[in-house]
Amino acid sequence: MKARLTITAAVATLLSSIGLYPLFIGWGWIWPGFGAIVVVSAAGTLTRRFRLPAIFNLAGGLAALNLYLTVVYTAHQAFLWFVPTPASLARLGALMGVGWAAANKYTAPVPLDDGVALLATLGIGLVAATVDFLAVRLRRAAPAGLPLLAMYSVPAAVREASVSWIAFLLGAAGFMALLLADAREQVSGWGRHVLTARWSDETPSERPDSSAMAGTGRRVGLAAVAIAVLLPMAVPGIHPKGLFGLGGSNGRGSGTVRKPDPMVSLRRELQRPDDAVVLTYRTDDPGQPDYLRLWALDLFDSGQWTYSSFNGTPKDRVKGRDLPPAPGLTNATPVRTVNTEVKIDQHAKDFEFLPLPYAPVRVDIKGDWRVHPSSLMVYSLHDVADGRTYTVTSRRAEPTAEQLQAAGEAPSEIRSRYLGLAAEVRDSVLELARKHTKGAHTAFQQAMKLQQWFTSSDFTYSLAAQPPDDANDLVDFLTKHRVGYCQQFAAAMAILARTLGIPARVAAGYTAGSRGQSGTWVVRSRDAHAWPELYFEGTGWVRFEPTPGSGALAGQGTATTPSYAEVATPGTHPGQSGVATPTPSSPAGTGGQTTPGVGPRGHRLDERGGLTGAAPKQDTGLGIPVGWISGILLVLLILAMPMGVRLAARHRRWAQAASTVDHEAGARAPARPRRTGRDAAPTDPGEAAHAAWAEMRADAIDHGLPWRSSDSPRSAAHHLAGLLELTGPASAALHRIARAEERARYAPVPASADTLRADVQIMRNVIAESVDRRARLRARFVPPTAMSTLRAAGSRSIEAFDTLAGRISALIHRT
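Everything quoted here is computed from the prediction, not taken from an experiment.

A.B. asks: What should I look at first to understand the overall build of the protein chain in this one?
C.D. replies: Each helix and strand in the protein chain was counted, giving 22 helices and 19 strands. Looking at the protein chain residue by residue over its 815 residues, the buried ones come to 47%. Restricting the contact set of the protein chain to residue pairs at least 6 apart, pairs at least 24 apart contribute 74%. Of the roughly 39,100 Å² of accessible surface on the protein chain, a fraction of 60% belongs to carbon and sulfur atoms.

A.B. asks: What exactly am I supposed to notice about the sheet that holds strand E15 (residues 504-510) here?
C.D. replies: Paired through backbone hydrogen bonds, the strands of a sheet run either parallel or antiparallel to each other. Read from one edge of the open sheet, five strands run E8-E3-E15-E18-E19, paired in antiparallel fashion. Looking at which strands have only one partner, the edges of the open sheet turn out to be strand E8 (356-357) and strand E19 (540-543). Strand direction decides the pairing type here: strand E3 (residues 292-297) and E8, joined by two bridges, are antiparallel. Directly across from Arg293, in E8, lies its bridge partner Leu356.

A.B. asks: Can you help me understand the pattern of salt bridges in this one?
C.D. replies: Oppositely charged side chains are able to pair whenever their charged atoms sit close together. Counted by the stated rule, this structure contains 27 salt bridges. In this structure, Arg646 engages Asp699 in a salt bridge whose closest nitrogen and oxygen atoms are separated by 3.0 Å. With Arg646 in helix H16 (residues 626-665) and Asp699 in helix H17 (residues 685-702), this residue pair connects regions lying 53 residues apart in the sequence. No difference in accessibility class separates Arg646 from Asp699, as the two residues are buried. Close ionic contact of Arg736 with Asp759 constitutes a salt bridge, the shortest N to O distance being 2.8 Å. With a gap of 23 residues between them, Arg736 in helix H19 (residues 728-746) and Asp759 in helix H20 (residues 756-769) connect regions that are remote in the sequence. A relative accessible area of 2% means that Asp759 is categorised as buried. Each of Arg646, Arg650, Arg653, Glu695, Asp699, Asp702 and Arg764 takes part in a single network of salt bridges with overlapping partners.

A.B. asks: What is the right way to read the packing of aromatic side chains from this model?
C.D. replies: Any aromatic ring pair is given by two values, namely how distant the centres are and how the planes are angled relative to each other. Taken as a whole and assessed by the stated rule, the structure comprises 25 aromatic pairs. Through a chain of ring-to-ring contacts, three or more aromatic side chains come together here, namely Trp295, Tyr307, Phe310, Phe353 and Tyr379. In this arrangement the basic side chain of Arg482 is found over the ring face of Phe459, its NZ or CZ atom lying 5.6 Å from the centre. Here Arg543 stacks its cationic end above the ring of Tyr291, 3.7 Å away from the centre of that ring.

A.B. asks: Mind showing me how you'd approach unusual backbone geometry here?
C.D. replies: Here the amide bond leading from Tyr358 into Ala359 is cis, since omega sits at 0°, within 30 degrees of zero. Here Ala359 lies in the loop between E8 and strand E9 (360-364). Of note, Arg51 is a non-glycine position whose phi angle comes to about 55°, a positive value. Its place among the elements puts Arg51 in the loop between helix H2 (30-49) and helix H3 (54-73). Residue Arg51 is classed as exposed on the basis of its relative accessible area of 76%. A positive phi angle, close to 60°, is found at Arg139, a residue other than glycine. With respect to the helices and strands, the residue Arg139 is situated in the loop between helix H5 (114-137) and helix H6 (145-158).

A.B. asks: Explain a nonpolar patch on the surface to me, please; I cannot follow it from the model alone.
C.D. replies: Judged by side-chain polarity, Leu67, Val71, Val72, Phe79, Leu80, Trp81 and Phe82 come together as a nonpolar surface patch covering roughly 690 Å² of accessible area. Checked against the element boundaries, Val71 lands in helix H3. The exposure class assigned to Val71 is partly exposed, which follows from its relative accessible area of 42%.

A.B. asks: In this structure, what is going on with the sheet that holds E9? I would like to understand it.
C.D. replies: Read across the sheet, six strands follow the order E9-E12-E7-E2-E17-E16 without closing on themselves; strand pairing throughout is antiparallel. Only two strands of the sheet have a single neighbouring strand rather than two, namely E9 and strand E16 (514-515). Direction of pairing for E9 relative to strand E12 (residues 389-397): antiparallel, over a ladder of four bridges. Across the sheet, the residue bridging to Asp364 is Thr391, located in E12.

Rules used throughout
- Residues numbered from 1 in each chain as written.
- Predicted model: local features only at pLDDT ≥ 70, side-chain atom pairs only at ≥ 80, totals over all residues.
- Heavy atoms only, no water.
- Helix = DSSP H or I, 4+ residues; strand = E, 2+ residues; numbered from the N terminus.
- Buried < 20%, exposed > 50% of the residue type's maximum accessible area, 1.4 Å probe, protein only.
- Contact = heavy atoms within 4.5 Å.
- Areas by Shrake-Rupley, 256 points an atom, 1.4 Å probe, with all protein chains shown as cover.
- Pairing = 2+ DSSP bridges.
- Salt bridge = Lys/Arg side-chain N within 4 Å of Asp/Glu carboxyl O.
- Phe/Tyr/Trp six-rings, centres within 6.5 Å; stacked < 30°, edge-to-face > 60°.
- Lys NZ or Arg CZ within 6 Å of the ring centre and 35° of its normal.
- Patch = residues over 30% accessible without salt bridge, like charges linked within 9 Å, V, L, I, M, F, W, Y side chains within 5 Å.

Right, dumping it as structure tokens:
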């Protein structure tokens, strides 16, 4: 019946299913999954007991899984609460539809409801049925690792963070146990008895002994798992945070800041069901605070907005200095200096870009933070702002509509970088851009007309819209369905602006949030946002708000339009922009109410409270390489282990001799005299003789001298004296040690132990002088006796594991 293999396959599936934890909020899915594994394994065992064809093994497991899902999720629609009916099957289908919709609507981790739990249970059950069929019925344990691996690949595909090394270790251990169990069964099968003329009716009492091969397999498996887990953690650059998150790059040198996909991250955050607090801040800005920007996206590539690659260098550090001036902002534009104190929520994670009001002038924060000079994004190559408080001084431009109207042409470096568009994209939207900016004579008038068009009734705000995969999707947004959320609105306006010759980029971060108590502003996950920034010489980058929100029935509830974009431009009637500003305390378009778990604009973030996407942990500069130092220390610790084991064994031998006399002193009269002075520790003469003999033997073996374990003490001493050509004090010391060992073994009264420690030291020195430098170094740092001790400890651990496995197997066979 292969009970051991069946249980091992079930345990391997259960351990691998733990890797699904990043997909769900909470652990309520694990128990239904465990039940599915048990039911499928029991069904497989039943089909194998009746020796049914292999196909029935898989079919039986799937049928049992169907019954189990019926009992757990649709018992009220089933016959006798477990027999599937058309109604119960329809109910299962409806629940799976609900779960599938939730999985597509929310980013991981998904809130756990019946539909999501059903999908998780079904997936785990299907994997269990496949593993049981391959590993137990077909005896193909290695291919059974593929469905187990699938349970790790799903979280890796939908989340940017990797699965915990602990979860990987558990799954790898389960798969290794499955391979070993299968190998043991295969080896045991080699012992089938052959009937001959002398065969007996007596049932063989033992199966072929496969313990040696199993022990070797376990050693190889444990070593492979250990290397797979520890190597990526110990080598900087493979694991982003080094050994167990303690190392990795410290970011104090130079490093390439990788290019995340902020728009994809934004989409994921918008689909979160919670509305957690991301950060709070206090500001001396007397009016409506400005948005908090994370990213400035200058590159439109393959239909997506991102930022150009750049290198972070030590000269870009923000600590103790002012930041570079904001591009294009001159003294001709009125500015207001604003001081803001920001506190990232303690539950927020991986804030490696700082949310800052534009344009930051100075940032005070602990750690190694740097600024990108042209965009003023502040980031770190290794630090995070999670739970931290920092202050920022910024210059908030307050241009008037007249100043923006009169703005001159942008510099050539700005135009060359911020006007780039593929020819086919420009050609497909050029007529549309001209149509909706007809009558505008300046770049600012064109921008106002574009903003007015996007916030008109021609467009509908909806989080149900699919994110654009390429430029054609944005063109369809502009020309066909016109349904989207902030990503589409910001991206589309920036494209149209570039088409008209206005330098533009897309920014992503947070709106100002909502005013809380005592003048504190609260930014929640619903306040994640994207918006376009257009360049006007003399003012620099100017924010516009094309996403519906203010005065709209649905949209970005806390989105606000800048004052300069509300003023009627020349050639238009007052109020023609059609954009109103909501009061800070009550976002318009929501009626002051929000759906639980859904913000008024529908914005959501992950449980970390921040947009994903971060600077990489990469360091190639002159800073202290914490990751490499950690790796070197680990290697040195491993190399020093044999020497430490040898010293520990020496200490243990002499300590055992001392503890023996202490133990016997209370039961023996009179007590042996105790020495004073340097060798104050009392010793038992017999144990001291054994310790001295073992130490001399270990020293000889460690230095490469031959030692026959079958020799008596006298014979071994004679052989060693001839080999070393001993004379004088060394010869006397050797014979005292040998005589003490002989007396301890065979005589009723052991010899005196007063000089044994000194004698052993004399012999150690003589032995070391008799060999070359290489042998002495090996004896000190890689003593063979210590390696034997380590191997013996490993063997004992394997034997303990074998004993435990044997007891479990016996228990299984009895049941």
